[in-house]
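Chain residues, written in single-letter form:
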Amino acid sequence: MAKPVTQFICSACGSIHKKWSGRCDNCGEWNTIAEEAPLSAGPGKSLGAVKGRAMALTDLTSEETPPPRQSSGLAELDRVLGGGLVAASACLVGGDPGIGKSTLLLQAAASFARMGLKVIYVSGEEATAQVRMRAQRLGLADASVKLAAETNLRDILTTLDAERPDLAIIDSVQTMWLDTVESAPGSVSQVRAAAHELVTFAKKRGVAVMLVGHVTKDGQIAGPRVVEHMVDTVLYFEGERGHQFRILRSVKNRFGPADEIGVFEMTGAGLAEVPNPSALFLSDRDTPAPGSVVFAGIEGTRPVLVEIQALVAPSSLSQPRRAVVGWDSGRLSMILAVLEARVGISFQGLDVYLNIAGGMRISEPAADLAVAAALLSAREDAAIPPNCVVFGELSLSGALRPVSQAENRLKEARKLGFSQAIAPEGCKTGDGAGMELKAMADLTRFVGDIFGA
Ligand code: TYD
Ligand code: MG
């Protein structure tokens, strides 16, 4: 029989290592690697079981095909789930502590219950009285949701087995523990074992489960990334603490598109849906402001306009500052290098600050041109017209590359009162949505046309 192998897992990124080391090669974090006890010694002797047998796809009866999705009644949540909750699926909702995961899931629980689902909310962090208090504050005290406060997974599974809900919410997976695993609750072994049990239970008993996972910076407690591969859907709840906006983003979805976002606003009475996020990410745009550019972006299937702000100031440091909020700092360095090499505009001796307004985070390369425009606008102290949106990907040669869904971007801009767009040549813009379009082939042309340099 094969000898069980001990493996070492990074609690921050979930990568598996053969031996322990102080720093994870994969994510670069220190002191995050922990030993995980082997789960099993591998498959034993075959019992001639019929369980794992294969069958033809066309032979599957409707009993084996999953029922359609159940809407949550919250359109923003449905969108990130890919159209609603899939029965017997496992979903992980990760996010920083205090960002609003418990609030979101309690509201979702009440909403699903209103749609006719039987929902159990298991809290390992708060007592039932505290959850009830929160529900009262959210105006949900009369929702037909069952509550349980427990951390022992064996007890929880027994309860779930007896109750057979349609949906079980586990808040959070890091507080759960199995008596068969020796390490402390929150350790990589416990978190993975607990998630494994819950996901297996979900599939076997046809109960959908939603697991809450706190993103941790501390190696003592395993982060949600160590269970991402076990679940069907991974959602992250993001936002700046000081801002009221919260974005629920799907990073993995076996039943729908990833990269979809749902936007919420944290109010005194819980999370409110924001059906038209573009209006919210744009500040007051009546007067032209140097350094501010509106980017027409796409998040998942939805166009979203966001304001990109840049500030450039003389630096007193030998290594000028490059500070970025909401965008990739490596990408900023690249844009600065392209500007210097291809159009001869240098940011040497200047501090550069870049901010995506409203606490939004952008990862689309289509934002390159808007970022370059914001940087140039700040440096030249020349404002881009306030009725203009910008999008386009920048290549290292200084050429502008066409981006997808140009027509949708233009339509959204038109809807919000913009009348001009600067975009790369070759984009499929359809009829242009009635926008005045300035199509450009490269950065030199862009700088010449817009900044007259
Ligand atoms: P919570 O859902 O407890 O966060 P998590 O489960 O992700 O740790 O949310 C905590 C924050 O949300 C808290 O700082 C207060 C704020 N909040 C509101 O602003 N309004 C509300 O109605 C509620 C319930 C919370
Ligand atoms: Mg919580």
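Everything numeric in this text was worked out from a predicted model, so none of it was measured.

Caption draft 1: The arrangement of the overall build of the chain in detail. Within the chain, the secondary structure is distributed over 10 helices and 21 strands. The C-alpha extent of the chain, read off along each of the three principal axes, is 75 × 50 × 50 Å. Taken across its 453 residues, the chain has 42% of its residues classed as buried. Once local pairs closer than 6 in sequence are excluded, the contacts in the chain between residues at least 24 apart make up 66%.

Caption draft 2: Quick look at the site of ligand 1. Taken together, 15 residues lie around ligand 1, and Gly100, Lys101, Ser102, Thr103 and Gly270 are the ones closest in. At the level of secondary structure, the elements contributing two or more residues to the shell around ligand 1 comprise α2 (101-114) and α3 (128-137). Among the elements that take part in the shell around ligand 1, α2 stands out by supplying 3 residues, more than any other. Among the residues making up the shell around ligand 1, the classes are represented as 5 nonpolar, 7 polar and 3 charged.

Caption draft 3: Focus on the sheet that holds strand β1 (residues 7-10). One open sheet accounts for 3 strands, arranged β2-β1-β3; its pairing is antiparallel. Every interior strand has two partners, whereas the edge strands, β2 (16-17) and β3 (33-36), have only one.

Caption draft 4: Looking closely at helix α5 (residues 188-205). The end-to-end C-alpha distance of α5 is 26 Å, a good match for the 26 Å that 18 residues give at a rise of 1.5 Å each. Turning to α5, its buried residues number three or more, namely Val188, Ser189, Gln190, Val191, Arg192, Ala193, Ala194, Ala195, Leu198, Val199, Phe201 and Ala202. Those residues of α5 hidden inside the fold are in contact with β1, β3, β4 (90-95), α4 (153-163), β7 (167-171) and β8 (208-214). Trailing α5 by a residue or two, glycine 206 shows a phi angle of about 70°, which is positive.

Caption draft 5: Representation of the nonpolar core within the structure. Counting residues in hydrophobic clusters, the biggest one holds 130 residues, and the most contacted among them are Ala109, Phe295, Ala370, Leu375, Val389 and Val390. Other than its neighbours up to four places away in sequence, valine 389 contacts Val294, Phe295, Ala296, Leu305, Ala413, Phe418 and Ala421.

Caption draft 6: Inspection of the sheet that holds strand β21 (residues 436-440) at higher detail. The strand order across the open sheet formed by 7 strands is β15-β16-β14-β13-β17-β20-β21, and the pairing between neighbours is mixed. With partners counted over all chains shown, the strands left at the sheet margins are β15 (322-325) and β21, one partner each. Taking the axes of each pair of neighbouring strands and ignoring which way they run, one obtains an average angle of 25° across the sheet. In the sheet, strand β13 (residues 292-299) pairs with strand β17 (residues 388-390) via 2 bridges, with the strands oriented parallel.

Caption draft 7: View of the domain arrangement of the chain. Taken as a whole, the chain is organised into domain 1 (1-39), domain 2 (68-275) and domain 3 (280-451). For domain 1 and domain 3, the distance between their C-alpha centroids amounts to 41 Å.

Caption draft 8: Molecular detail of the pairing of β13. The buried fraction of β13 is high, at 7 of 8 residues. Note: β13 against strand β14 (residues 302-314), 8 bridges, orientation antiparallel. Bridged to serine 292 within β14 is glutamine 309. The hairpin formed by β13 and β14 contains 2 residues between the paired strands, and glycine 300 there has a positive phi angle of roughly 65°.

Caption draft 9: Examining the pairing of strand β16 (residues 350-356) more closely. Both β14 and β16 contribute to a ladder of 7 bridges, which runs antiparallel. Among the inter-strand pairings, valine 312 is bridged to a residue of β16, identified as valine 352. Bridge analysis of β15 against β16 gives 4 bridges, and the strand direction is parallel. What sits directly across from valine 324, in β16, is leucine 354. On the question of chirality, the crossover connecting β15 to the parallel β16 by way of helix α7 (residues 329-343) is left-handed.

Caption draft 10: Up close: unusual backbone geometry. Cis peptide bonds are those with omega within 30 degrees of zero, and the linkage from aspartate 171 to serine 172 qualifies with 0°. The topology assignment puts serine 172 in the loop between β7 and α5. Positioned with a positive phi, aspartate 381 is a non-glycine residue whose angle comes to about 55°. With respect to the helices, strands and loops of the structure, aspartate 381 is situated in the loop between α8 (368-380) and β17. On the basis of neighbour counts, which here come to 9 C-beta atoms within 10 Å, the residue aspartate 381 falls in the exposed class. The backbone of glutamine 405 sits at a positive phi, close to 50°, despite the residue not being glycine. Overall, glutamine 405 belongs to the partly exposed group, with 19 C-beta atoms counted inside 10 Å.

Scoring rules and cut-offs
Residues numbered from 1 in each chain as written. Chains lettered and ligands numbered in written order. Predicted model: local features only at pLDDT ≥ 70, side-chain atom pairs only at ≥ 80, totals over all residues. Helix = DSSP H or I, 4+ residues; strand = E, 2+ residues; numbered from the N terminus. Buried ≥ 20, exposed ≤ 12 C-beta atoms within 10 Å, placed from the backbone. Contact = placed C-beta atoms within 7 Å. Near = placed C-beta within 6 Å. Nonpolar A, V, L, I, M, F, W, Y, C, P; charged D, E, K, R; others polar. Pairing = 2+ DSSP bridges. Expected span 1.5 Å × (residues − 1). Core = buried A, V, L, I, M, F, W, Y, C linked by C-beta atoms within 7 Å. Axes fitted to C-alpha atoms, helices over the stretch in contact; angles between N-to-C directions. Domains from an automatic or database assignment. Right-handed = clockwise from strand over helix to strand, strands pointing away.

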